[in-house]
Amino acid sequence: MQLSDVLRQELPWNEKAQLNHRHKREIDQYAVSMVEDGQVVYLDAGTTTFEIARVLAERFNLTIITNDFSIIQYLMNKPQLNLFHTGG
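Residues numbered from 1 in each chain as written. Predicted model: local features only at pLDDT ≥ 70, side-chain atom pairs only at ≥ 80, totals over all residues. Heavy atoms only, no water.

Engineer: Looking at this model, I keep getting lost on the sheet that holds strand E2 (residues 62-66). Mind explaining?
Structural biologist: Either a parallel or an antiparallel arrangement is found when strands of a sheet pair, and the pairing is made through backbone hydrogen bonds. What the 3 strands build is an open sheet, ordered E1-E2-E3; its pairing is parallel. Bordering the open sheet on either side are strand E1 (40-43) and strand E3 (81-85), each of which pairs with just one other strand. The average undirected angle you get between the axes of adjacent strands in this sheet is 20°. For E1 and E2, the ladder comprises 4 bridges, and the chain directions are parallel. Each residue of the ladder has a partner; that of Tyr 42, found in E2, is Ile 65. The sheet contacts of helix H4 (residues 47-56) involve E1, E2 and E3, and relative to E1 the element is tilted by about 150°. (Pairing = 2+ DSSP bridges. Helix = DSSP H or I, 4+ residues; strand = E, 2+ residues; numbered from the N terminus. Axes fitted to C-alpha atoms, helices over the stretch in contact; angles between N-to-C directions. Contact = heavy atoms within 4.5 Å.)

Put into structure tokens, the structure is as follows:
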């Protein structure tokens, strides 16, 4: 199988975001419970980490580093967060 074949089989982001959504919400609640004010958090690209970002968006005094354009776009209007986008 070639890489181009694998890429054609990749689901669109919106569809992946809906897959196992309940489990992703459980993961995000657990992950966020371990984050304390003042910490630096790295969120890799993905639909599960996007769910974590949605919950962290309500927090204050966090630094979030990500390479995910969807996450950075979602968080960029949250002035209470320090954001760094590494590109990708």
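Engineer: Explain the pattern of salt bridges to me, please; I cannot follow it from the model alone.
Structural biologist: Where charged atoms from two side chains of opposite charge approach closely, those side chains can pair. The full count for this structure, using the stated rule, is 5 salt bridges. Across the salt bridge formed by Arg 22 and Glu 26, the nearest N and O atoms sit 3.1 Å from each other. A residue pair is termed a helical-turn pair when its members lie 3 or 4 positions apart in one helix, as Arg 22 and Glu 26 do in helix H3 (residues 21-33) at 4 residues. Glu 26 gets classed as partly exposed once you look at its relative accessible area, which sits at 44%. Of the charged contacts, one joins Glu 51 and Arg 25 as a salt bridge, the two residues approaching to 3.5 Å between their closest N and O atoms. Here Arg 25 lies in helix H3 and Glu 51 lies in helix H4, a separation of 26 residues in the sequence. Accessibility expressed as a relative area gives 31% for Arg 25, which makes it partly exposed. By sharing partners, the salt bridges in this structure join Arg 25, Asp 28, Glu 51 and Arg 54 into a single network. (Salt bridge = Lys/Arg side-chain N within 4 Å of Asp/Glu carboxyl O. Buried < 20%, exposed > 50% of the residue type's maximum accessible area, 1.4 Å probe, protein only.)

None of the figures reported here should be taken as evidence of function without further support.
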